[in-house]
Amino acid sequence: MDGLTTADRRRLAYTRTGSGPTLVCHGGGPGFSSLYLGNLGGLDGDLDLVLLDPRGTGGSDRPADSRAYAIDDYAKDVEELREHLGLERIDLLGHSHGGVVAMAYAARFPERVGRLILASTLARWAPEQESAMNAAMAGHETEPWYEDALAALQAEQAGDFSSDEELGELAIREFPFYFARYGEKEQAYLDTLRVETPNADTLLLFNKEIFESFDLRPALAKIAAPTLVVTGELDFITGPVCAAEISAEIADVRTEILPGTGHFVFVESPEAFRRAVLGFLA
(Lines give C-alpha, C1' and ligand atoms only; values in the text may rest on other atoms or scores of the structure.)
Protein backbone atom coordinates (compact mmCIF):
# COMPACT_ATOMS: atom_id res chain seq x y z
CA MET A 1 0.00 0.00 0.00
CA ASP A 2 1.28 3.44 -0.96
CA GLY A 3 0.66 6.71 0.85
CA LEU A 4 1.50 10.32 1.48
CA THR A 5 1.72 12.62 4.46
CA THR A 6 -0.83 15.42 4.40
CA ALA A 7 -0.23 19.03 5.40
CA ASP A 8 -1.67 18.29 8.85
CA ARG A 9 0.67 15.28 9.24
CA ARG A 10 -1.82 12.49 8.58
CA ARG A 11 -1.04 9.42 6.52
CA LEU A 12 -3.32 9.15 3.51
CA ALA A 13 -3.09 5.66 2.01
CA TYR A 14 -3.98 4.32 -1.38
CA THR A 15 -3.62 1.12 -3.37
CA ARG A 16 -2.42 1.15 -6.96
CA THR A 17 -3.44 -1.68 -9.27
CA GLY A 18 -3.57 -2.31 -13.01
CA SER A 19 -1.93 -0.53 -15.91
CA GLY A 20 -2.93 2.11 -18.40
CA PRO A 21 -4.22 5.67 -17.97
CA THR A 22 -4.56 6.67 -14.32
CA LEU A 23 -8.00 6.81 -12.71
CA VAL A 24 -8.21 8.12 -9.14
CA CYS A 25 -11.05 6.40 -7.27
CA HIS A 26 -12.82 7.53 -4.10
CA GLY A 27 -15.19 5.13 -2.39
CA GLY A 28 -18.12 5.84 -0.14
CA GLY A 29 -19.87 5.09 3.09
CA PRO A 30 -18.73 7.41 4.44
CA GLY A 31 -16.52 5.39 6.72
CA PHE A 32 -15.36 2.56 4.46
CA SER A 33 -11.95 2.02 2.94
CA SER A 34 -11.30 1.23 -0.72
CA LEU A 35 -11.56 -2.50 0.04
CA TYR A 36 -15.15 -2.72 -1.15
CA LEU A 37 -14.28 -1.25 -4.55
CA GLY A 38 -12.23 -4.33 -5.44
CA ASN A 39 -10.99 -3.85 -9.00
CA LEU A 40 -14.17 -1.98 -9.99
CA GLY A 41 -15.57 -4.68 -12.20
CA GLY A 42 -12.24 -5.38 -13.89
CA LEU A 43 -11.23 -1.83 -14.76
CA ASP A 44 -7.69 -2.66 -13.67
CA GLY A 45 -7.33 -4.60 -16.91
CA ASP A 46 -7.29 -1.32 -18.84
CA LEU A 47 -6.52 1.38 -16.28
CA ASP A 48 -4.07 2.26 -13.53
CA LEU A 49 -6.46 2.47 -10.58
CA VAL A 50 -5.46 4.64 -7.63
CA LEU A 51 -7.85 3.45 -4.91
CA LEU A 52 -7.85 5.94 -2.06
CA ASP A 53 -8.57 4.95 1.52
CA PRO A 54 -10.57 8.01 2.64
CA ARG A 55 -9.44 9.73 5.82
CA GLY A 56 -9.84 7.55 8.88
CA THR A 57 -10.33 4.28 6.99
CA GLY A 58 -8.06 1.39 6.02
CA GLY A 59 -4.47 2.56 6.02
CA SER A 60 -5.36 6.27 6.33
CA ASP A 61 -5.06 7.99 9.69
CA ARG A 62 -7.99 9.53 11.46
CA PRO A 63 -7.84 13.31 11.82
CA ALA A 64 -7.20 14.62 15.33
CA ASP A 65 -10.60 16.34 15.22
CA SER A 66 -13.35 13.69 15.28
CA ARG A 67 -15.59 16.13 13.37
CA ALA A 68 -13.15 16.73 10.50
CA TYR A 69 -15.23 14.72 8.05
CA ALA A 70 -17.09 17.43 6.16
CA ILE A 71 -17.43 17.06 2.40
CA ASP A 72 -14.80 19.77 1.86
CA ASP A 73 -12.38 17.94 4.17
CA TYR A 74 -12.51 14.92 1.89
CA ALA A 75 -12.15 17.13 -1.20
CA LYS A 76 -8.98 18.67 0.23
CA ASP A 77 -7.52 15.18 0.60
CA VAL A 78 -8.16 14.51 -3.10
CA GLU A 79 -6.22 17.66 -3.98
CA GLU A 80 -3.29 16.57 -1.79
CA LEU A 81 -3.36 13.17 -3.49
CA ARG A 82 -3.31 14.81 -6.94
CA GLU A 83 -0.29 16.88 -5.97
CA HIS A 84 1.44 13.79 -4.54
CA LEU A 85 0.85 11.86 -7.78
CA GLY A 86 2.42 14.72 -9.75
CA LEU A 87 -0.52 15.03 -12.12
CA GLU A 88 -1.67 18.37 -13.47
CA ARG A 89 -5.15 16.95 -13.93
CA ILE A 90 -6.78 13.72 -12.82
CA ASP A 91 -9.53 11.55 -14.14
CA LEU A 92 -11.65 10.98 -11.04
CA LEU A 93 -14.24 8.35 -10.13
CA GLY A 94 -16.41 8.64 -7.06
CA HIS A 95 -18.85 5.97 -5.88
CA SER A 96 -21.72 6.72 -3.47
CA HIS A 97 -20.43 9.20 -0.85
CA GLY A 98 -17.23 9.24 -2.90
CA GLY A 99 -19.28 10.70 -5.72
CA VAL A 100 -20.38 13.51 -3.41
CA VAL A 101 -16.70 14.18 -2.70
CA ALA A 102 -15.84 13.99 -6.41
CA MET A 103 -18.53 16.53 -7.31
CA ALA A 104 -17.39 18.91 -4.59
CA TYR A 105 -13.77 18.54 -5.73
CA ALA A 106 -14.57 19.04 -9.42
CA ALA A 107 -16.61 22.16 -8.63
CA ARG A 108 -13.89 23.60 -6.39
CA PHE A 109 -10.96 22.68 -8.66
CA PRO A 110 -12.48 22.53 -12.16
CA GLU A 111 -9.11 22.95 -13.85
CA ARG A 112 -7.74 19.89 -12.05
CA VAL A 113 -10.21 17.31 -13.42
CA GLY A 114 -9.87 15.82 -16.90
CA ARG A 115 -12.88 13.51 -16.81
CA LEU A 116 -15.33 12.81 -14.00
CA ILE A 117 -17.22 9.57 -13.31
CA LEU A 118 -20.05 9.70 -10.79
CA ALA A 119 -21.25 6.21 -9.87
CA SER A 120 -24.31 5.53 -7.72
CA THR A 121 -24.30 8.93 -6.05
CA LEU A 122 -26.45 11.96 -5.28
CA ALA A 123 -26.28 15.74 -5.13
CA ARG A 124 -28.83 15.87 -2.31
CA TRP A 125 -31.41 13.64 -0.65
CA ALA A 126 -34.41 14.19 -2.90
CA PRO A 127 -37.99 13.56 -1.68
CA GLU A 128 -38.63 11.58 -4.85
CA GLN A 129 -35.73 9.27 -4.04
CA GLU A 130 -37.18 8.60 -0.60
CA SER A 131 -40.39 7.40 -2.25
CA ALA A 132 -38.37 5.20 -4.61
CA MET A 133 -36.39 3.85 -1.65
CA ASN A 134 -39.51 2.86 0.26
CA ALA A 135 -40.97 1.17 -2.82
CA ALA A 136 -37.76 -0.75 -3.48
CA MET A 137 -37.54 -1.95 0.11
CA ALA A 138 -41.19 -3.04 0.07
CA GLY A 139 -40.38 -5.16 -2.96
CA HIS A 140 -38.11 -7.31 -0.77
CA GLU A 141 -40.66 -7.97 2.00
CA THR A 142 -40.87 -11.68 1.18
CA GLU A 143 -37.10 -12.21 1.38
CA PRO A 144 -35.89 -14.21 4.41
CA TRP A 145 -33.34 -11.50 5.25
CA TYR A 146 -35.81 -8.59 5.05
CA GLU A 147 -36.69 -8.08 8.74
CA ASP A 148 -33.10 -8.29 9.95
CA ALA A 149 -31.83 -5.98 7.20
CA LEU A 150 -34.58 -3.47 7.95
CA ALA A 151 -33.76 -3.47 11.67
CA ALA A 152 -30.06 -2.95 10.88
CA LEU A 153 -30.78 -0.12 8.43
CA GLN A 154 -33.00 1.66 10.94
CA ALA A 155 -30.40 1.27 13.68
CA GLU A 156 -27.66 2.65 11.42
CA GLN A 157 -29.75 5.63 10.34
CA ALA A 158 -30.65 6.38 13.96
CA GLY A 159 -27.02 6.18 15.05
CA ASP A 160 -27.79 3.27 17.31
CA PHE A 161 -24.23 2.00 17.50
CA SER A 162 -21.37 2.90 19.82
CA SER A 163 -18.30 1.44 18.15
CA ASP A 164 -16.71 0.85 14.77
CA GLU A 165 -17.30 -2.88 15.22
CA GLU A 166 -21.03 -2.44 15.84
CA LEU A 167 -21.30 -0.28 12.73
CA GLY A 168 -19.51 -2.93 10.68
CA GLU A 169 -21.99 -5.56 11.84
CA LEU A 170 -24.96 -3.35 10.99
CA ALA A 171 -23.56 -2.59 7.55
CA ILE A 172 -23.21 -6.25 6.60
CA ARG A 173 -26.75 -6.96 7.82
CA GLU A 174 -28.33 -4.06 5.88
CA PHE A 175 -26.35 -4.43 2.66
CA PRO A 176 -28.82 -6.88 1.02
CA PHE A 177 -31.04 -3.86 0.35
CA TYR A 178 -28.27 -2.36 -1.77
CA PHE A 179 -28.59 -5.09 -4.41
CA ALA A 180 -31.36 -5.51 -6.95
CA ARG A 181 -31.14 -9.24 -6.31
CA TYR A 182 -29.35 -10.68 -3.31
CA GLY A 183 -28.07 -14.04 -4.51
CA GLU A 184 -24.99 -16.22 -4.08
CA LYS A 185 -22.68 -13.86 -5.97
CA GLU A 186 -23.74 -10.93 -3.82
CA GLN A 187 -23.42 -12.96 -0.61
CA ALA A 188 -19.91 -14.02 -1.59
CA TYR A 189 -19.00 -10.38 -2.25
CA LEU A 190 -20.24 -9.31 1.19
CA ASP A 191 -18.26 -12.10 2.81
CA THR A 192 -15.07 -10.48 1.49
CA LEU A 193 -15.96 -7.29 3.38
CA ARG A 194 -16.30 -8.86 6.82
CA VAL A 195 -12.66 -8.04 7.58
CA GLU A 196 -13.47 -4.32 7.25
CA THR A 197 -13.78 -2.18 10.38
CA PRO A 198 -15.48 1.05 9.32
CA ASN A 199 -15.15 4.49 10.85
CA ALA A 200 -18.20 5.26 12.97
CA ASP A 201 -17.27 8.92 13.60
CA THR A 202 -17.70 10.01 10.01
CA LEU A 203 -20.95 8.12 9.40
CA LEU A 204 -22.50 9.51 12.58
CA LEU A 205 -21.60 13.04 11.52
CA PHE A 206 -22.94 12.49 8.00
CA ASN A 207 -26.21 10.87 9.10
CA LYS A 208 -26.99 13.33 11.89
CA GLU A 209 -25.74 16.66 10.50
CA ILE A 210 -25.08 16.48 6.76
CA PHE A 211 -27.27 13.97 4.97
CA GLU A 212 -30.67 15.64 5.05
CA SER A 213 -29.44 19.19 4.46
CA PHE A 214 -26.56 19.06 1.98
CA ASP A 215 -27.30 20.17 -1.59
CA LEU A 216 -24.53 20.33 -4.19
CA ARG A 217 -26.79 21.29 -7.10
CA PRO A 218 -25.92 25.02 -7.05
CA ALA A 219 -22.21 24.17 -7.38
CA LEU A 220 -22.50 21.64 -10.20
CA ALA A 221 -22.51 24.27 -12.95
CA LYS A 222 -18.88 24.98 -12.01
CA ILE A 223 -17.84 21.50 -13.14
CA ALA A 224 -16.00 21.86 -16.44
CA ALA A 225 -14.96 18.24 -16.96
CA PRO A 226 -16.88 15.90 -19.26
CA THR A 227 -18.89 13.79 -16.83
CA LEU A 228 -20.35 10.29 -16.81
CA VAL A 229 -23.24 9.69 -14.41
CA VAL A 230 -23.88 5.95 -14.01
CA THR A 231 -26.32 4.27 -11.67
CA GLY A 232 -28.42 1.15 -11.31
CA GLU A 233 -32.02 1.13 -12.46
CA LEU A 234 -32.99 -0.47 -9.12
CA ASP A 235 -30.57 1.36 -6.82
CA PHE A 236 -32.76 2.01 -3.80
CA ILE A 237 -30.74 4.92 -2.42
CA THR A 238 -29.03 6.72 -5.33
CA GLY A 239 -31.07 5.64 -8.32
CA PRO A 240 -32.28 7.29 -11.56
CA VAL A 241 -33.93 10.16 -9.66
CA CYS A 242 -30.55 11.18 -8.24
CA ALA A 243 -28.79 10.65 -11.56
CA ALA A 244 -31.28 12.93 -13.31
CA GLU A 245 -30.77 15.69 -10.74
CA ILE A 246 -27.01 15.60 -11.23
CA SER A 247 -27.18 15.44 -15.02
CA ALA A 248 -29.52 18.42 -15.17
CA GLU A 249 -26.87 20.71 -13.65
CA ILE A 250 -23.68 19.70 -15.52
CA ALA A 251 -23.03 21.07 -19.00
CA ASP A 252 -21.09 18.19 -20.57
CA VAL A 253 -22.69 15.01 -19.23
CA ARG A 254 -23.54 11.48 -20.27
CA THR A 255 -25.96 9.34 -18.25
CA GLU A 256 -25.99 5.54 -18.12
CA ILE A 257 -28.73 3.64 -16.26
CA LEU A 258 -27.79 -0.02 -15.87
CA PRO A 259 -30.89 -2.27 -16.09
CA GLY A 260 -31.70 -4.66 -13.26
CA THR A 261 -28.90 -3.27 -11.11
CA GLY A 262 -28.71 -1.89 -7.59
CA HIS A 263 -26.20 0.30 -5.77
CA PHE A 264 -23.03 -1.77 -6.27
CA VAL A 265 -23.00 -1.38 -10.04
CA PHE A 266 -19.51 -2.83 -10.46
CA VAL A 267 -20.51 -6.01 -8.59
CA GLU A 268 -23.94 -6.66 -10.10
CA SER A 269 -23.25 -5.53 -13.68
CA PRO A 270 -19.44 -5.52 -14.03
CA GLU A 271 -19.37 -5.89 -17.82
CA ALA A 272 -21.89 -3.11 -18.44
CA PHE A 273 -20.18 -0.88 -15.90
CA ARG A 274 -16.77 -1.48 -17.43
CA ARG A 275 -18.05 -0.80 -20.95
CA ALA A 276 -19.68 2.44 -19.83
CA VAL A 277 -16.55 3.71 -18.09
CA LEU A 278 -14.05 2.69 -20.76
CA GLY A 279 -16.27 3.98 -23.56
CA PHE A 280 -16.54 7.31 -21.79
CA LEU A 281 -12.81 7.60 -21.10
CA ALA A 282 -12.01 6.69 -24.69
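Shown above is the structure to which this text applies.
Residues numbered from 1 in each chain as written. Predicted model: local features only at pLDDT ≥ 70, side-chain atom pairs only at ≥ 80, totals over all residues. Heavy atoms only, no water.

**Student:** What should I look at first to understand unusual backbone geometry in this one?
**Tutor:** Across the chain, the bulk of peptide bonds are trans and the bulk of non-glycine residues have phi less than zero. Each neighbour pair has its own omega, and for glycine 29 with proline 30 the value is -5°, a cis peptide bond. Among the secondary structure elements, proline 30 is positioned in the loop between strand 3 (22-26) and strand 4 (48-52). One non-glycine residue, arginine 9, lies in positive phi territory at about 70°. Mapped onto the secondary structure, arginine 9 falls in the loop between strand 1 (2-5) and strand 2 (11-17). At leucine 40, a residue that is not glycine, the phi angle is positive and equals roughly 55°. For leucine 40, the position within the fold is in the loop between strand 3 and strand 4. By relative accessible area, which is 0% here, leucine 40 ends up buried. (Helix = DSSP H or I, 4+ residues; strand = E, 2+ residues; numbered from the N terminus. Buried < 20%, exposed > 50% of the residue type's maximum accessible area, 1.4 Å probe, protein only.)

**Student:** How do you make sense of the packing of aromatic side chains when you look at a structure like this?
**Tutor:** Describing an aromatic ring pair means giving the distance of the ring centres and the angle of the ring planes. With the rule as written, the count across this model stands at 22 aromatic pairs. Here the aromatic rings of tyrosine 105 and phenylalanine 109 are separated by 5.0 Å at their centres, their planes lie at 35°, and the arrangement is tilted. Across this residue pair, the class does not change: tyrosine 105 and phenylalanine 109 are buried. Arginine 115 extends its terminal NZ or CZ atom over the ring of phenylalanine 280, reaching a point 5.0 Å from the ring centre. (Phe/Tyr/Trp six-rings, centres within 6.5 Å; stacked < 30°, edge-to-face > 60°. Lys NZ or Arg CZ within 6 Å of the ring centre and 35° of its normal.)

**Student:** Sorry, what's going on with the pattern of salt bridges here?
**Tutor:** Side-chain pairing between opposite charges can occur once the charged atoms of the two side chains come close. In this structure the tally under the stated criterion is 14 salt bridges. Between aspartate 48 and arginine 16 there is a salt bridge, with the nearest N and O atoms lying 2.9 Å from each other. Here aspartate 48, found in strand 4, pairs with arginine 16, found in strand 2; they are 32 residues apart in sequence, far enough to count as distant. Overall, aspartate 48 belongs to the buried group, its relative accessible area being 9%. (Salt bridge = Lys/Arg side-chain N within 4 Å of Asp/Glu carboxyl O.)

**Student:** How do you make sense of the packing of helix 1 (residues 71-85) against helix 2 (residues 97-108) when you look at a structure like this?
**Tutor:** When two helices pack together, you describe them by how their axes are tilted relative to each other and by the distance separating the axes. At their nearest, the axes of helix 1 and helix 2 sit 9 Å apart, and the two run at 70° to each other. It follows that helix 1 is roughly perpendicular to helix 2 by the angle criterion. Crossing of helix 1 over helix 2 shows right-handed handedness. Here helix 1 contributes Ile71, Asp72, Tyr74, Ala75, Lys76, Val78, Glu79 and Arg82 to the contact with helix 2, which in turn contributes His97, Val100, Val101, Ala104, Tyr105 and Arg108. (Axes fitted to C-alpha atoms, helices over the stretch in contact; angles between N-to-C directions. Parallel < 35°, antiparallel > 145°, perpendicular 65-115°, else oblique. Left-handed = near helix turned anticlockwise from the far one by under 90°. Contact = heavy atoms within 4.5 Å.)

**Student:** It is not clear to me how the pairing of strand 5 (residues 90-95) should be interpreted in this structure. Could you clarify?
**Tutor:** Remark: a regular strand shows side chains that alternate across the two faces of the sheet. Of all six residues in strand 5, five are buried, a share of seventy percent or more. When strand 3 meets strand 5, the two strands line up parallel, connected through four bridges. Pairing of leucine 23 across the sheet is with aspartate 91, part of strand 5. Bridge count for strand 5 against strand 6 (residues 113-119) is five bridges, and the pairing is parallel. By the bridge assignment for strand 6, leucine 92 is matched with leucine 116. Regarding topology, helix 2 serves as the crossover connection from strand 5 to the parallel strand 6, and that connection is right-handed. (Pairing = 2+ DSSP bridges. Right-handed = clockwise from strand over helix to strand, strands pointing away.)

**Student:** Any chance you could explain the sheet that holds strand 3 here in plain terms?
**Tutor:** Backbone-to-backbone hydrogen bonds pair the strands of a sheet. The strands run either parallel or antiparallel. Read across the sheet, eight strands follow the order 1-2-4-3-5-6-7-8 without closing on themselves; strand pairing throughout is mixed. The sheet terminates laterally at strand 1 and strand 8 (253-258), the two strands that pair on one side only. Neighbour-to-neighbour, the strand axes of the sheet open up by a mean angle of 20°, direction not taken into account. As paired elements, strand 6 and strand 7 (residues 227-232) share four bridges and run parallel to each other. Pairing of leucine 118 across the sheet is with valine 229, part of strand 7.

**Student:** Would you mind showing me how to read the side chain of histidine 140 here?
**Tutor:** Following the sequence through the fold, histidine 140 ends up in the loop between helix 3 (127-138) and helix 4 (146-158). Its relative accessible area of 12% is what places histidine 140 among the buried residues. Apart from residues lying up to four places away in sequence, histidine 140 is in contact with Trp145, Tyr146, Phe177, Phe179 and Ala180.

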